[in-house]
Amino acid sequence: MKAVVYDRYGPPEVQRIEDVERPAPRDDEVLVKIHATTVNRLDVHTREANRGSGLAVSFLSRLVSGVRGPRRRILGSEFAGEVEAAGPAVTEFAVGDRVFGNSGFGFGAHAEFMCIRETARMAHMPAGISFEEAAPVTDGALNALTCLRQADLHQGRTILIYGASGAIGTAGVQLARHFGADVTAVCSTKNLELVKSLGADRVIDYTKEDFTANGQTYDVIFDAVGKLSFLRCRDSLKPAGIYLPTDGFGNLMRALWPSRPGDKKVVFQIPPRQTKQDVLFLKGLIESGQFRAVIDRRYPLEDVVEATRYVETEQKTGNVVLTVI
Ligand SMILES: NC(=O)c1ccc[n+]([C@@H]2O[C@H](COP(=O)([O-])OP(=O)(O)OC[C@H]3O[C@@H](n4cnc5c(N)ncnc54)[C@H](OP(=O)(O)O)[C@@H]3O)[C@@H](O)[C@H]2O)c1
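We now turn to the structure provided with this report. None of the values given here were measured: they were computed from a predicted structure.

Conventions and cut-offs
- Residues numbered from 1 in each chain as written.
- Predicted model: local features only at pLDDT ≥ 70, side-chain atom pairs only at ≥ 80, totals over all residues.
- Heavy atoms only, no water.
- Pairing = 2+ DSSP bridges.
- Helix = DSSP H or I, 4+ residues; strand = E, 2+ residues; numbered from the N terminus.
- Near = heavy atom within 4 Å.
- Polar contact = N/O pair within 3.5 Å; in protein donor to acceptor, adjacent residues only side chain to side chain.
- Core = buried A, V, L, I, M, F, W, Y, C linked by side-chain atoms within 4.5 Å.
- Buried < 20%, exposed > 50% of the residue type's maximum accessible area, 1.4 Å probe, protein only.

Pairing in this open sheet of six strands is parallel, and the strands run S10-S9-S8-S11-S12-S13 from one edge to the other. Edge positions in the sheet fall to strand S10 (202–205) and strand S13 (265–266), since each of these pairs with one other strand and no more. Relative to strand S12 (residues 237–244), strand S11 (residues 218–223) runs parallel, the two sharing four bridges. Residue pairing in the sheet places Val220 in a bridge with Ile242 of S12.

Taken together, 27 residues sit near the ligand, with Asp139, Ser188, Tyr206, Asp247 and Lys316 positioned nearest. Arg41 is positioned such that a nitrogen or oxygen atom in its side chain is 2.9 Å from an oxygen atom of the ligand. A distance of 2.8 Å separates an oxygen atom of the ligand from a polar backbone atom of Ala167. Here the element with the most residues in the shell around the ligand is helix H1 (residues 41–47); it accounts for three residues.

Residues Ile159, Ile161, Val173, Phe222 and Leu244 are the most contacted members of the largest nonpolar core, which totals 50 residues. Top element by residues in this core is helix H4 (residues 140–148). It accounts for six residues.

As structure tokens, this is what we get:
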């Protein structure tokens, strides 16, 4: 089968198309014929062994994905496709079922076929959407869900979402709205209308206004794009306010630091827990018209290097899809 492989950490150009052996499902696995996948930040960070985040983080990244070189040659975590074959112990899925999901650090989706356990973060596709629309559902949204569930969002709670136009941000706005919170979204001028259409109660253009200087305070500040810091946001949080980061070693340390009741604090789920139930939850939201994955660009699998370069600009709006024919 055709797959995108890489054998050393490095720039987007380390990826190339190769003919590799088609995997065979184990007893509890299905073989999925991939129709669409994505290039996301997990692919990008893993491929460069998180070099951009400093030596300590890069070392930890290599412990996960391979110290000398990548243990798994094929990237790609999000997928949508059809079940081509199923192991004898599989009960939930049958040949021909349309499925979508996320293989996480198992990767393997940048290929014509991949194997995945039936208990993994995978479900039948929501009715009425295409493979291209289903593939980008589970990265930004599962990351956003993991964070937002820490913040007890409900009607009457106020949240500011910074980086509301990225994969995590566009999902975060829709999920926070679903939970009933009052949502203020921050993005650049070109994305204001999109973010409003996703359900933000108000939007702030960060190129024109600094939200930390306008005197407004929030129960929760969600940095969906890793560009803020707790210290910068502290005065914009209400008493006992929660700061939700998406990455950053410093944030991790601060989240582990003990706090007193009533303190403003950083909250990070460690380790992050994302389950099949979460994928089913997203499927339900899609079917009831409360969620959609925002797609910026689509590329054929063969153009993975170009797609990756675009993701690395950190300027994509929502998600970048790879189509596999
Ligand atoms: N996706 C993952 O698998 C994953 C997992 C864990 C952690 N993370 C971390 O989560 C963060 C977001 O990931 P993502 O995949 O959602 O990002 P993304 O989709 O690549 O974010 C792109 C968006 O960020 C906005 N942006 C860029 N620079 C900005 C700035 N200085 N201030 C405000 N917004 C800015 C851009 O919109 P505007 O033009 O509107 O500014 C663009 O729409 C990253 O720090 C990533 O490392 C990602």
